[in-house]
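# Observations on the three-dimensional arrangement
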Amino acid sequence: MSETIKGLHRSHRCTEVSNKNIGEEVTVMGWVQKRRNLGSLIFIDLRDRSGLVQIVFDENDGEIFEKAGTLRSEFVIAVRGEVRARDGAVNEDMETGDIEITAKELRILSESETPPFPVEEGANTKEELRLKYRYLDLRKQNLQNNLKLRSDVTTFVRSFMANEGFLEIETPTLCKSTPEGARDYLVPSRVHPGHFYALPQSPQLFKQLLMCSGCDRYIQIAKCYRDEDLRADRQPEFTQIDMEMSFVEAEDVMEVNERMLQALFKEVLDVDVQIPFERMPWQEAMDRFGTDKPDTRFEMELTDVTDVVKGCGFGVFAGPADTDGCSVRGLNVKGQGAMSRKKIDKLVESAKGNGAKGLAYLCINEDGTYKSTFAKFMSEEELEALVTAMKGEPGDLLLFAADTNKIVWNVLGALRLELGKELELIDESKYNFLWVVDFPQFEWSDEEERFIAMHHPFTMPKEEDIQYIESDPGKVHAEAYDIVLNGSEIGGGSVRIHQTDVQEKMLRAIGFTDEQAHEQFGFLIDAFKYGVPPHAGLAYGLDRLVMHMANEDNIREVIAFPKNKDAVCLMSEAPGTVDEKQLDELSLKIVETEE
């Protein structure tokens with residue numbers, strides 16, 4: 001039968017008790033992690049969000065000892081007792097391993113059924129089960145630490161930015177749907193039948209309007225929503241550290257954020273981050289690493305051999321080498337020339353999964369001879385020139401992709417990361433920041449057969465490129481900057497367009513008529529008529545940032561109640577159905593469609 005805590009007050013969390021408290025009486029409360037009955041003594045590991053402390057019950061204490069014998073894992077208890085040193089039985093694996101609490105009073109506040117999985121770190125539990133019983137999963141110390149880390153990060157950012165003159169301002173979460181970017185989550189309006197709000201993909205337009213309003217430094221820890229396919233670092237709802245500044249250029253935004261990140265990592269992780277961060281043009285990042293979010297913690301960069309293989313006897317290389325927008329590029333996997341055919345075949349399949357038709361390879365044997373899928377199609381001179389261009393040496397494995405630049409970058413960039421992890425080339429202790437800059441303003445969408453904005457349609461083009469917005473969009477570069485940490489884009493920003501005529505040109509270039517532009521974004525364009533300052537901003541993915549700080553591989557590990565890969569909350573079973581009355585109130589009808 002459960003008891004109450006009436007008259008008892010918790011004096012310490014479990015790990016707040018230390019050898020400084022020896023001889024004192026303390027009261028701790030939490031969950032039973034483990035019980036060990038040694039006959040005359042019962043030991044309990046008590047857990048709360050801070051960690052574990054050992055409680056000792058002695059058979060000489062009669063009633064208390066008998067009650068302790070009924071305890072099971074996950075019972076919630078309160079214990080009053082005396083702190084004493086462990087005599088010769090120090091547990092180095094516990095933060096409180098040099099002390100224990102001798103119980104004088106025990107109250108069982110809540111009993112527990114046997115949990116569906118062990119509530120302890122390292123338990124081999126399927127993720128579906130962990131997410132279904134997330135409230136149990138969150139009791140684990142590593143997840144408690146992650147939630148505390150997340151809280152520490154947001155607390156620090158708010159304080160730092162307040163000292164920099166930023167105002168924390170909330171923007172609406174019931175907004176107007178916009179057609180650019182990912183799909184919106186729509187919310188039907190009861191009072192306006194047939195009309196819908198959209199949950200915000202970001203506070204972009206509202207924070208620009210705040211700049212029009214004279215709030216020249218804005219920040220918000222903002223909830224955002226995107227209806228898109230999920231992966232390890234993406235969720236349908238996520239949190240941004242969102243900011244905007246007036247009367248600034250790109251360097252001003254980067255400078256304040258470098259200082260913030262340097263101070264954040266020192267304060268929260270005691271890690272020294274060197275500033276300023278490296279700036280890398282987008283084109284250089286793609287050419288060297290095959291991605292605009294390069295992991296610079298290890299080498300193995302891409303090499304462009306297009307000119308070397310032009311006109312060679314191997315048509316798979318020669319064709320793309322002679323075609324605009326295509327290229328032949330390679331990776332030199334040092335010391336892996338003896339890699340097994342089975343492992344190479346796995347790399348080929350991985351390349352195909354990223355869009356390649358295949359993957360050519362050349363192993364340089366220790367005696368200088370070659371083992372290759374294509375050597376027989378090339379002359380000895382052509383092969384020597386190719387190996388030289390790749391800086392190949394005996395014992396190396398050379399991998400090649402030949403296709404459009406986009407596919408080649410995608411294939412080799414992914415292979416580089418895969419091999420970096422598999423061959424343990426990545427220094428996991430490093431935090432490598434860099435800014436990727438000088439992005440193209442537009443990218444071509446084969447699906448829509450038009451140019452779309454690479455970032456968003458409110459990004460300022462480079463001043464010298466404004467003249468090409470409508471006549472030659474492919475030549476235009478953006479005043480945009482992404483911040484990358486260890487191969488992950490943790491934030492993106494840009495200088496914004498603040499001139500009405502440039503904004504209208506930009507929208508026309510991505511397929512909007514003037515009428516459509518005013519229908520979708522008229523409230524922003526109209527605001528520009530009344531004096532708008534030059535402004536720029538940045539938004540971090542808080543979940544991704546904390547994921548890296550916690551050394552986790554999946555953002556679900558730093559979110560209290562995440563969705564699974566199908567955007568489902570297994571715990572609450574959202575999304576779910578609603579009854580006909582609710583649908584009628586919203587003037588909605590569910591229509592069955594055939595697969």
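In short, a report on the structure. Small disclaimer: the values here were computed from a predicted structure and weren't measured. Counting from 1, residues in each chain are numbered in the order their sequence is written. A pLDDT threshold of at least 70 governs which residues receive local features in this predicted model, and a stricter bar of 80 or more applies before side-chain atom pairs are shown or counted, although totals over entire chains, interfaces and linings include all residues. Side-chain descriptors were evaluated using all non-hydrogen atoms of the structure, hydrogens and water having been removed beforehand.

### A closer look at unusual backbone geometry
Trans peptide bonds make up most of the peptide bonds, and negative phi angles are found at most residues other than glycine. Inclusion rule: Note on conventions: DSSP H or I runs of at least 4 residues are helices, E runs of at least 2 residues are strands, and numbering of each starts at the N terminus. Accessible area is worked out with a 1.4 Å probe on protein chains only. A residue is then buried under 20% of its type maximum, exposed over 50%, and partly exposed in between.
Look at the link from I275 to P276: it is a cis peptide, with omega at 0°. Position of P276 among the secondary structure elements: in the loop between helix 6 (250-269) and strand 11 (278-281). A cis amide bond links A574 to the next residue, P575, at an omega of 0°. Structurally, the position occupied by P575 is in the loop between helix 15 (542-549) and helix 16 (580-585). Residues other than glycine seldom take positive phi values, yet F247 does so here, at roughly 60°. Positioned with a positive phi, A567 is a non-glycine residue whose angle comes to about 60°. Positionally, A567 belongs in the loop between helix 15 and helix 16. The partly exposed category is assigned to A567, whose relative accessible area is 23%.

### What to know about the nonpolar core
Generally speaking, soluble globular proteins have nonpolar side chains that are buried together. The condition is simple: Within this scheme, the nonpolar core is defined by two criteria: the residues are buried Ala, Val, Leu, Ile, Met, Phe, Trp, Tyr or Cys, and they are joined through side-chain atoms within 4.5 Å. Should any heavy atoms of two residues lie within 4.5 Å, those residues are considered in contact.
Of all hydrophobic cores here, the largest spans 66 residues; its most connected members are L261, F265 and F433. Among the elements that line this core, the one with the most residues is helix 6, at eight residues. Contact partners of F433, with chain neighbours within four places excluded, come to L261, F265, V273, F277, E278, I483, V484, L485 and I490. Counting 36 residues, the second-largest nonpolar core is a separate cluster that includes M280, M286, I344 and C363.

### Focus on the side chain of T15
As for its placement among the helices and strands, T15 is situated in the segment before strand 1 (25-37). Judged by relative accessible area, which is 16%, T15 ranks as buried. Here T15 is in contact with S50, G51, L52, E95 and T96, once residues within four sequence places are set aside.

### Let's talk about the environment of N405
Take N405: it is sitting in helix 12 (residues 405-422). Among residues more than four places away in sequence, those in contact with N405 are G325, C326, S327 and R329.

### Quick word on a nonpolar patch on the surface
Heads up, the condition is: Two distance rules govern patches: like charges are joined within 9 Å, and nonpolar side chains (Val, Leu, Ile, Met, Phe, Trp, Tyr) within 5 Å, applied only to residues with over 30% relative accessible area and no salt bridge. The method behind every accessible area is Shrake-Rupley, applied with a 1.4 Å probe, and residues are considered shielded solely by the protein chains displayed. For this document, the term salt bridge refers to a Lys or Arg side-chain nitrogen within 4 Å of an Asp or Glu carboxyl oxygen.
On the surface, a cluster of nonpolar side chains totalling about 290 Å² of accessible area is made up of Y135, F561 and M571. With respect to the helices, strands and loops of the structure, M571 is situated in the loop between helix 15 and helix 16.

### Focus: the packing of aromatic side chains
Operational definition: Working definition: rings of Phe, Tyr and Trp (its six-membered ring) pair if their centres are within 6.5 Å, and the pair is stacked with planes under 30 degrees apart, edge-to-face with planes over 60 apart, and tilted otherwise. Look at NZ for Lys and CZ for Arg. If either is within 6 Å of the ring centre and within 35 degrees of the ring normal, a charge sits over the ring.
By the definition in use, this model includes 17 aromatic pairs. Both rings, one in F314 and one in F374, keep their centres 5.4 Å apart while their planes meet at 15°; by these two values the pair is stacked. Of this pair, F314 sits in the loop between helix 8 (306-309) and helix 9 (315-321) while F374 is found in the loop between strand 15 (370-372) and helix 11 (380-389), placing the two residues 60 residues apart along the sequence. For the pair shown, F314 and F374 are each scored as buried. With a centroid separation of 5.1 Å and 80° between ring planes, the pair formed by W444 and F451 is classed as edge-to-face. A relative accessible area of 44% places W444 in the partly exposed class. Chaining the aromatic ring pairs together yields one cluster made of F314, F317, F374, F377 and F400. Cation over ring: R416 sits above F298, and NZ or CZ is 3.9 Å from the ring centre. The ring of Y468 has K475 lying over it, and the distance from NZ or CZ to the ring centre is 4.1 Å.

### Description of the sheet that holds strand 12 (residues 302-304)
Here is the rule we go by: Strands are treated as partners if at least two bridges between them are detected by DSSP. For helices, the fitted axis covers only the stretch in contact; all axes are lines through C-alpha atoms, and the angles between them, taken along N-to-C directions, range from 0 to 180 degrees.
Strand order in the open sheet made by the five strands is 12-13-16-14-15, with antiparallel pairing throughout. Among the strands making up the open sheet, the edge pair consists of strand 12 and strand 15. Taking the axes of each pair of neighbouring strands and ignoring which way they run, one obtains an average angle of 25° across the sheet. Across the sheet, helix 12 lies against strand 12, strand 13 (326-333) and strand 16 (397-404), angled at about 150° from strand 16, the strand it touches most.

### Regarding helix 10 (residues 341-353)
Heads up, the condition is: For a helix, the expected span equals 1.5 Å multiplied by the number of residues minus one. This arc is taken over the directions from the axis of the helix to the C-beta atoms.
In a regular helix each residue adds 1.5 Å, so 13 residues correspond to 18 Å; helix 10 covers 18 Å between its end C-alpha atoms and thus fits that length. I344, L347, V348, S350 and A351 are the residues of helix 10 that are buried. All buried residues of helix 10 project into a common sector of 160° when viewed along the axis, lining one side. For helix 10, the exposed residues set more than 90 degrees away from the buried face come down to K342, K346, E349 and G353. Tucked inside the fold, the buried residues of helix 10 contact strand 14 (360-364), strand 16 and helix 12. G355, located one to two residues past helix 10, shows a positive phi value of around 110°.

Coordinates in, geometry out; function isn't part of it.
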